[in-house]
Amino acid sequence: MPDTTSDPGVTEHEPGARAEPALVGVDLLEPMRQQARSLGFVRLGITRAAPMPDARERLASWLAAGHEAGLDYLRGGERADPRAVFPAARSVVVVALVYPTPSRVERAREGAALSGAVAAYARGTDYHLVMKEKLRVLAQWLATASGRTLRARIAVDSAPLLERELAVRAGLGFIGKSTLLIVPGVGTNVLLGELLIDLELAPTEIPVAPGCGDCRLCIEACPTGAITAPFSVDAGRCISYWTIEHHAAIPPEVRPGLGSHVFGCDECQAVCPFDASAAPRASSPELAGRIAESGLDLLRLLAAGNAEYRKLVRRTALRRVSRDVLARNAAVALGNLADAGTVPALGRALSGHPSPIVRGHAAWALGRIGGDAARALLEDAREDPDPSVRQEVSAALGLDGWDGSEYP
């Protein structure tokens, strides 16, 4: 078993017994790729643990344009140098894991009448847990294969690293116009992980030629116009940002564009030619869907208590957001679906949910649905103890023309 060192996140792996001589240099690459395939990874590449000045400039330009929205953490620290994460790193092993996605036929069948869409990567066991365990096994194999103690730092999108840039430099693929990594022969439906190690390995830094050409399908398919230009995404317009990263009230002008999405968005991937397949691709069985492809029952999500919420998100990526955020998203989705049959459930949320944010979004949804029953419920809520809810109620009733601009 690896021993944790004094450095946070860094582990030491002692070599195990090995009958064959230790492998060094390029002789390690193909056996390591075979080991990676046995763990379920579809690609493995190696790059130097060195700064990426071009990537740093691209990030700076994106931030200068204000496209990070509320992702303020992207403005701090050094993300273009792996050694900022692990100073002793000499090489970075980058791997890709495919997650299950529906076929074109299954996509056409998706979407129950009152279901909230969940991004495909989040429908199974939390990929952070799956990927980290696989990378631990790979690190231990590498220690044994090389015949030396290995110090490693595992990274799975939570470390301050430009993962897609590392994947490109390691030769796994190229960045598409959607800004997602495209792995030829696999597509965009991959999760990335990195193993930063204090062992110098032969890099596989053979560039993969960009293949988007004149295609603009992802740009045209984005429901909110978040892909503002090829290779540029404005987080302030992105459904994934609003449903996952933003935990406060959603500005009213943004809500209609979210449609029925409650956690993430796959729209740009669904149309990408590199993802086109009549049948589902082979994927890691650990990531098999625990959430139906049709999504989550919006009425249950809106009314879920703490126990049901914990059961729903346990060991899934959904645990990144709170019960209140999921209920908020459900209220927005119900407002966009505008089914009069959901008025009683929204009324219960408006009158009884402990979160003022959820109550406020339920008021907005009732205003979108309209009708005498919705109006009566809104009238009853005009004396809500929270001022933000009262403002939402007034706006839903059309009393003051308030547009939500006072929300943070």
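Our structure's up above, just so we're on the same page.
These figures come from a predicted structure and were not determined experimentally.

Caption draft 1: Molecular detail of the overall build of the protein. Scanning the protein from terminus to terminus reveals 15 helices and 13 strands. Its C-alpha atoms give the protein a radius of gyration of 24 Å, within 12% of the compact-globule value 22 Å for 408 residues. Counting only C-alpha atoms, the protein reaches 80 × 45 × 40 Å along its principal axes. Taken across its 408 residues, the protein has 50% of its residues classed as buried. Expressed as a percentage of contacts within the protein between residues at least 6 apart in sequence, the contacts between residues at least 24 apart total 77%. If you sum the accessible surface of the protein, you get close to 18,100 Å²; carbon and sulfur atoms cover 53% of it. The averaged location of the 48 negative side-chain charges in the protein is 3 Å from the averaged location of its 44 positive side-chain charges.

Caption draft 2: Molecular detail of helix H2 (residues 53-64). Taking 1.5 Å as the rise per residue, H2 with twelve residues should run 16 Å; its terminal C-alpha atoms sit 16 Å apart, in good agreement. Within the span of H2, buried status applies to Ala-55, Leu-59 and Leu-63. Buried residues in H2, looked at end-on, bunch into an arc of 75°, giving them a common side. The outward face of H2, more than 90 degrees from its buried face, is lined by the exposed residues Glu-57 and Ala-64. Where H2 is buried, its residues touch helix H5 (163-169). Remark: Gly-66 follows H2 within two positions and exhibits a positive phi of approximately 75°.

Caption draft 3: Structural detail: the packing of helix H14 (residues 372-380) against helix H15 (residues 387-397). Taken N-terminus to C-terminus, the directions of H14 and H15 make an angle of 145°; their axes are 9 Å apart at the nearest point. Between H14 and H15 lies a crossing whose hand is left-handed. Residues Arg-375, Leu-378 and Glu-379 of H14 pack against Val-393, Ala-396 and Leu-397 of H15. Among the residues forming the contact of H14 with H15, the class breakdown is four nonpolar, no polar and two charged.

Caption draft 4: Quick peek at the side chain of Arg-123. The residue Arg-123 is located in the loop between strand E5 (115-118) and helix H4 (127-146) in this model. One polar contact links the side chain of Arg-123 to the main-chain carbonyl oxygen of Val-118, over a distance of 3.0 Å.

Caption draft 5: View of helix H11 (residues 323-337). For H11, spanning 15 residues, the distance from its first C-alpha to its last is 21 Å, which sits close to the expected 21 Å at 1.5 Å a residue. H11 sits mainly inside the fold: 13 of its 15 residues count as buried.

Caption draft 6: Just the sheet that holds E5, in detail. The mixed open sheet is built from three strands, whose spatial order is E12-E5-E13. Two strands in the sheet have a free side with no partner beyond their single neighbour: strand E12 (261-263) and strand E13 (296-297). Relative to E12, E5 runs parallel, the two being bridged by two bridges. Along E12, the bridge assignment pairs Val-118 with Phe-263.

Caption draft 7: Inspection of the environment of Gly-305 at higher detail. Examined against the element boundaries, Gly-305 turns out to sit in the loop between helix H9 (298-303) and helix H10 (306-313). Here Gly-305 falls in the partly exposed class, since its relative accessible area comes to 29%.

Parameters at a glance
- Residues numbered from 1 in each chain as written.
- Predicted model: local features only at pLDDT ≥ 70, side-chain atom pairs only at ≥ 80, totals over all residues.
- Heavy atoms only, no water.
- Helix = DSSP H or I, 4+ residues; strand = E, 2+ residues; numbered from the N terminus.
- Rg over C-alpha atoms; globule rule 2.2 N^0.38 Å.
- Buried < 20%, exposed > 50% of the residue type's maximum accessible area, 1.4 Å probe, protein only.
- Contact = heavy atoms within 4.5 Å.
- Areas by Shrake-Rupley, 256 points an atom, 1.4 Å probe, with all protein chains shown as cover.
- Lys, Arg positive; Asp, Glu negative; His and termini not counted.
- Charge placed at Lys NZ, Arg CZ, Asp CG, Glu CD.
- Expected span 1.5 Å × (residues − 1).
- Arc of directions from axis to C-beta.
- Axes fitted to C-alpha atoms, helices over the stretch in contact; angles between N-to-C directions.
- Left-handed = near helix turned anticlockwise from the far one by under 90°.
- Nonpolar A, V, L, I, M, F, W, Y, C, P; charged D, E, K, R; others polar.
- Polar contact = N/O pair within 3.5 Å; in protein donor to acceptor, adjacent residues only side chain to side chain.
- Pairing = 2+ DSSP bridges.

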